[in-house]
Amino acid sequence: MSTVSAAAEISDRFGAFGGQYVPETLIPALDALTEAYADAMRDPAFTKSLHDALTHYAGRPSPLSDAPRWSEKIGAPIWLKREDLNHTGAHKINNALAQGLLAQRMGKKRIIAETGAGQHGVATATVCARLGLECVVYMGEEDMRRQTLNVFRMRMMGATVVAVTSGTRTLKDATSEAIRDWVGTCEESYYIIGSVVGPAPYPRMVRDFQAIIGTEARAQMLERAGALPRTVVACVGGGSNAIGIFHAFVGDKNVELVGVEAAGHGLDTPQHAASLSKGRPGVLHGAMSYLLQDEHGQIHPAHSISAGLDYPGVGPEHSHLRDSGRATYVSITDDQALRAFHMLARLEGVIPALETAHAIAWIDANAGRWKSDEPVLLCVSGRGDKDVAQVAETRILTE
Amino acid sequence: MLNERFSSLRAAGRRALVCYVTAGHPDRARSLELIRGLEDAGADVLEIGVPFSDPVADGPVIQSSSQTALEQGMTLDGALELIAEAKLRIPVVLFSYLNPIIAAGPDVLVRAKRAGVSGVLVTDLPVGADPEREAWFGAGPLDFVRLVAPTTPRDRMELIAKHGRGFVYLISRLGVTGMQAELAKSLPASIETLRSVCSLPICVGFGISTPEQAKTVGALADGIVVGSAIVQAAGRSVNEAVVLTRSLRAALDEVK
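Note that this is a predicted model, so its numbers are computed, not measured. (Residues numbered from 1 in each chain as written. Chains lettered and ligands numbered in written order. Predicted model: local features only at pLDDT ≥ 70, side-chain atom pairs only at ≥ 80, totals over all residues. Heavy atoms only, no water.)

(A) How the structure looks around the overall build of chain B. Broken down by element type, chain B carries 12 helices and eight strands. Radius of gyration (C-alpha) of chain B: 17 Å, near the 18 Å computed for a compact globule of 256 residues. Projecting the C-alpha coordinates of chain B onto the three principal axes gives extents of approximately 45 × 45 × 35 Å. Counting over 256 residues, chain B shows a buried share of 64%. For chain B, contacts bridging at least 24 residues in sequence account for 74% of all contacts bridging at least 6. As displayed, chain B offers around 9300 Å² of accessible surface, 52% of which is attributable to carbon and sulfur atoms. Separation of charge centres in chain B, based on 26 positive and 28 negative side chains, amounts to 5 Å. (Helix = DSSP H or I, 4+ residues; strand = E, 2+ residues; numbered from the N terminus. Rg over C-alpha atoms; globule rule 2.2 N^0.38 Å. Buried < 20%, exposed > 50% of the residue type's maximum accessible area, 1.4 Å probe, protein only. Contact = heavy atoms within 4.5 Å. Areas by Shrake-Rupley, 256 points an atom, 1.4 Å probe, with all protein chains shown as cover. Lys, Arg positive; Asp, Glu negative; His and termini not counted. Charge placed at Lys NZ, Arg CZ, Asp CG, Glu CD.)

(B) The pairing of strand β10 (residues 256–264) of chain A, seen in detail. Residue and element names in this part refer to chain A. With nine of nine residues buried, β10 lies mostly within the body of the structure. Sheet topology note: the strand β9 (residues 231–235)/β10 ladder contains five bridges and is parallel. What sits directly across from C235, in β10, is V260. As a crossover connection, the stretch from β9 through helix α11 (residues 240–246) into β10 is right-handed. Bridge count between β10 and strand β13 (residues 327–333): seven bridges; the pairing is parallel. When the sheet's bridge partners are listed, G264 is paired in β13 with T333. (Pairing = 2+ DSSP bridges. Right-handed = clockwise from strand over helix to strand, strands pointing away.)

(C) A look at the packing of helix α2 (residues 44–56) of chain A against helix α4 (residues 92–105) of chain A. Residue and element names in this part refer to chain A. Viewed as axis vectors pointing N to C, α2 and α4 meet at an angle of 140°, and their least axial separation amounts to 10 Å. When the axis of α2 is compared with that of α4, the two are oblique. Crossing of α2 over α4 shows right-handed handedness. The residues of α4 that touch α2, namely those facing F46, S49, L50, A53 and L54, are N94, L97, A98, L101, L102 and R105. (Axes fitted to C-alpha atoms, helices over the stretch in contact; angles between N-to-C directions. Parallel < 35°, antiparallel > 145°, perpendicular 65-115°, else oblique. Left-handed = near helix turned anticlockwise from the far one by under 90°.)

(D) Representation of unusual backbone geometry. Here the residue pair A200 of chain A and P201 of chain A is connected by a cis peptide bond, since its omega of 10° sits within 30 degrees of zero. Secondary-structure assignment places P201 of chain A in the loop between β8 (189–191) and α9 (202–210). Cis rather than trans, the peptide bond between H25 of chain B and P26 of chain B has omega equal to 0°. Relative to the helices and strands, P26 of chain B is located in the loop between β1 (16–22) and α2 (28–40). Positive phi, normally seen in glycine, also occurs at K87 of chain B, with a value near 45°.

(E) View of the interface of chain A and chain B. In this complex, chain A contributes 40 residues to the contact, which on the side of chain B involves 40 residues. Each partner contributes to the roughly 3000 Å² buried at the junction of chain A and chain B, and carbon and sulfur atoms together form 55% of this total. Between the two partners, chain A and chain B, sit two salt bridges. Here K172 of chain A ties to D54 of chain B by a salt bridge, and the two come within 2.8 Å at their closest N and O atoms. Applying the counting rule to chain A against chain B returns 15 residue pairs in polar contact (both at pLDDT 80 or more). Among the elements that make up the side of chain A that touches chain B, the one with the highest residue count is helix α8 (residues 171–185) of chain A (eight residues). Of the residues belonging to the side of chain A that touches chain B, the class tally is 16 nonpolar, 15 polar and nine charged. (Buried area = accessible area lost by both parts, 1.4 Å probe. Salt bridge = Lys/Arg side-chain N within 4 Å of Asp/Glu carboxyl O. Polar contact = N/O pair within 3.5 Å; in protein donor to acceptor, adjacent residues only side chain to side chain. Nonpolar A, V, L, I, M, F, W, Y, C, P; charged D, E, K, R; others polar.)

(F) Broad picture of the nonpolar core. Core analysis: the largest hydrophobic core is formed by 101 residues, its most contacted members being I245, F246 and L377 of chain A together with L46, F137, L194 and V204 of chain B. If we skip the residues at most four places from it in the chain, L46 of chain B touches C19, I35, L38, L88, I90, P91, V92 and V93 of chain B. Counting 64 residues, the second largest nonpolar core, distinct from the first, contains A53, I112, V136 and I192 of chain A. (Core = buried A, V, L, I, M, F, W, Y, C linked by side-chain atoms within 4.5 Å.)

(G) How the structure looks around the environment of Q336 of chain A. Residue and element names in this part refer to chain A. Mapped onto the elements of the fold, Q336 is located in helix α14 (residues 334–348). Among the residues examined, Q336 registers a relative accessible area of 33% and is labelled partly exposed. Along the backbone, Q336 and T215 are 121 residues apart, and their C-alpha atoms lie at a distance of 30 Å. There is a polar contact of 2.9 Å between the side chain of Q336 and the backbone nitrogen of T333.

Below you can see the structure in the form of structure tokens.
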């Protein structure tokens with residue numbers, strides 16, 4: 001074990017962002033994780049078991065679908081990277097499977113996770129059932145109300161879902177509660193963080209586990225479209241599906257990367273979740289990154305119709321991609337996302353997650369922006385079954 | 001001022017009683033009454049907590065006191081005003097998460113010193129996590145107090161001892177702040193290891209709430225930190241917190 005935590009070294013930052021701002025108790029656990037992760041990735045037996053699980057259990061590679069009717073509307077070919085078709089219905093399984101296998105390799109028997117929309121909670125519960133590990137998922141009370149179906153799914157697979165009643169009762173507070181659990185149980189528990197957030201090594205490790213989205217999509221684009229995309233678009237809450245699809249394209253200088261944040265009721269109101277557009281750098285949940293906060297450094301509650309984007313922070317690598325100019329971050333309101341949700345269902349027979357609907361809405365709002373030979377690649381991060389009941393309550397259904 | 005306090009305690013063969021309160025809890029007026037009352041009840045050092053919206057190292061009692069204080073508009077500068085107004089004779093350590101300190105601007109440590117603060121302790125800035133910012137704390141006018149956890153290996157303890165000032169805060173057990181029926185079995189060994197690499201006074205906190213526990217830990221360490229128990233008592237009445245503090249003082253003074 002190193003004297004100064006290996007993960008705290010400059011290489012585990014993304015420019016000025018990231019780091020390991022945690023209580024001292026967790027430093028040895030993070031050091032052990034950093035080492036175990038590096039060791040696992042060098043072990044062909046581990047990478048093979050991960051590859052096998054992704055292929056034969058999660059259903060990878062996920063397809064790349066064309067979207068003929070929507071493409072006609074936009075005036076450019078749109079391609080859909082179908083993470084919604086993975087087992088459990090979202091990209092979250094890529095990371096949960098990998099970290100679950102890592103936890104098993106480290107000899108941990110108890111898994112902790114936080115969840116917002118419930119997709120990461122479901123993915124984690126799924127992996128724990130398969131690997132025979134105890135699973136405790138922290139979920140905000142408000143999110144449990146919004147995402148009842150996912151709560152049932154987690155419980156069906158044997159997970160304990162703990163309602164978090166502090167603060168805003170959403171993802172932020174669920175994450176804090178999961179960290180508190182880990183501070184008390186780090187010797188026997190493994191914390192599977194669901195996004196590219198948290199202290200090092202999590203942002204980089206989760207990025208690596210999600211990078212398969214972009215690796216596959218890049219090869220599929222070259223094969224199917226015969227070209228790289230002009231623009232890659234993904235929604236950003238914590239930002240794991242976005243980093244996952246961006247990563248393979250970062251070196252392709254002509255490929256534009258666009259992350260879409262939740263503008264909630266609008267960026268001119270206090271009710272949004274656009275940390276990169278409206279926040280400023282600060283420290284939350286172990287990392288330096290853009291945050292929604294007041295002038296005194298208190299975290300400002302986020303708002304989004306989509307529980308998965310309802311988070312006042314963002315992964316540190318996104319903060320770096322923003323400041324370096326390599327990626328562009330835009331935002332979409334609740335109403336725009338709801339309209340896009342219906343639009344894609346009707347035009348393409350794909351019901352997207354409300355999170356993904358934000359990315360769809362941005363492309364839709366920019367019809368005519370691309371030439372007919374400039375393909376656009378969208379990460380369909382998850383499917384919308386979980387959102388149908390919530391969407392049915394809104395007025396837009398009647399249109 | 002922390003050094004003087006600990007030297008005089010050592011000379012007198014006494015153990016330090018470090019008391020934690022959340023600034024602005026239960027409200028501003030009673031918070032002021034409370035910190036003055038704790039000084040009179042025999043506290044040697046006061047840790048004044050800056051309330052934070054997302055206190056990941058804290059259990060339910062301090063979480064709730066932080067939320068109460070924030071709802072009434074308490075801020076880091078509000079805490080400094082409170083400290084200045086209290087005009088205490090004992091040293092004050094500002095206890096904060098990093099984000100409110102960053103937000104308070106580059107001259108915040110100087111403002112804190114002016115308000116009468118002697119030391120600063122940051123829950124989520126472990127040794128080596130951010131050398132540039134740690135250097136800023138180290139070069140400032142306050143003693144930068146560092147924490148050691150039960151999971152901290154010996155070589156990190158050495159590093160923490162080297163970078164720490166004032167005293168070292170040893171966390172007694174795994175987990176967040178809060179009262180416990182029993183002390184961790186590993187505590188004597190942790191104190192012994194830390195003592196072998198560290199010449200600073202060692203104060204033990206987390207989970208200490210009763211006079212019996214104070215006495216037990218006081219026999220092993222240079223001082224104890226009591227937080228949640230005082231905060232919980234203060235939520236009922238300032239007097240209850242003062243009475244508890246007097247009983248802790250009396251128990252510690254039985255340690256020879």
